[in-house]
Amino acid sequence: SHVPIILVGHVTKNGDVAGPRTVEHMVDSVLYLEAGALIDGGISSLRVLRAAKNRFGSNEEVGVYEMSSGGRLVPVSDPSSYFLANRMDQVDSEGTAVSIVLEGIRSMAVEVQALVALSGGSGGYSGRRVVDGISNSRLLLILAVLQKRYGISFHRQDVYLNVVGGMQLTKGTKSGSG
């Protein structure tokens, strides 16, 4: 009768659909609507729609939306402009870089900010690692490479890393410096 049925499910902390996998196998598409990273302690208006399974098309498509004040999802036609709109200036300043990331088949520019400061701890205290928009394990990998290849020690340093605009750089995201 050509009537679509939408099942809304719960996602576990690991990112899997909760419950029996039977439900996931029965449906034609599994879509994830993800909220952006928290900005200044508030909720980001950014939403990213991803297909984990799509029986009738590509699951490489990614939709970027902004939640309006009226509660409507409005498509962001140019995500790069969205993420770079609030830059202080048009040139990179110390601690910032623009990176091109690939979300599915959509490439977009995002600003990444980093800050390294002497740790306030004493004795054998190891520095803090604070991340927003990127996984902590990815930051640790970057720091390990910098230490191994360039001899830079971050043992007594606090390291802060932020992806501006609420974008979450996930495992599937590919990036390159710009």
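See the structure shown above.
Predicted model only: the values in this text are computed from it and were never measured.

Caption draft 1: View of the pattern of salt bridges. This structure, assessed with the given rule, holds 1 salt bridge. Here Arg55 and Asp28 are joined by a salt bridge, their closest N and O atoms 3.1 Å apart. One end of the pair, Arg55, is in the loop between strand 2 (46-54) and strand 3 (62-67); the other, Asp28, is in the loop between helix 1 (21-26) and strand 1 (29-35), with 27 residues separating them in the sequence. Judged by its relative accessible area of 33%, Asp28 is partly exposed.

Caption draft 2: Region of the structure containing the nonpolar core. In this structure, Leu46, Phe83, Met108, Val110, Val163 and Met167 are the most contacted members of the largest nonpolar core, which totals 18 residues. Contributing elements (two or more residues each) for this core: strand 2, strand 3, strand 6 (106-118), helix 3 (136-150) and strand 8 (157-163). No other element matches strand 8, which puts 3 residues into this core. Apart from residues lying up to four places away in sequence, Met108 is in contact with Val64, Pro79, Ser80, Phe83, Ser99, Ile100, Val101, Glu103 and Met167.

Caption draft 3: Layout of the pairing of strand 6. With 8 bridges joining them, strand 5 (residues 96-103) and strand 6 adopt antiparallel strand pairing. Among the inter-strand pairings, Val98 is bridged to a residue of strand 6, identified as Glu111. From the end of strand 5 to the start of strand 6, which pair antiparallel, there are 2 residues, and Gly104 there has a positive phi angle of about 65°. The pairing of strand 6 with strand 8 spans 7 bridges and is classified as antiparallel. Counted as the bridge partner of Ala114 is Leu161 from strand 8.

Procedures and definitions
- Residues numbered from 1 in each chain as written.
- Predicted model: local features only at pLDDT ≥ 70, side-chain atom pairs only at ≥ 80, totals over all residues.
- Heavy atoms only, no water.
- Salt bridge = Lys/Arg side-chain N within 4 Å of Asp/Glu carboxyl O.
- Helix = DSSP H or I, 4+ residues; strand = E, 2+ residues; numbered from the N terminus.
- Buried < 20%, exposed > 50% of the residue type's maximum accessible area, 1.4 Å probe, protein only.
- Core = buried A, V, L, I, M, F, W, Y, C linked by side-chain atoms within 4.5 Å.
- Contact = heavy atoms within 4.5 Å.
- Pairing = 2+ DSSP bridges.

So, to be careful, I would describe these as geometric facts and stop short of saying anything about function.
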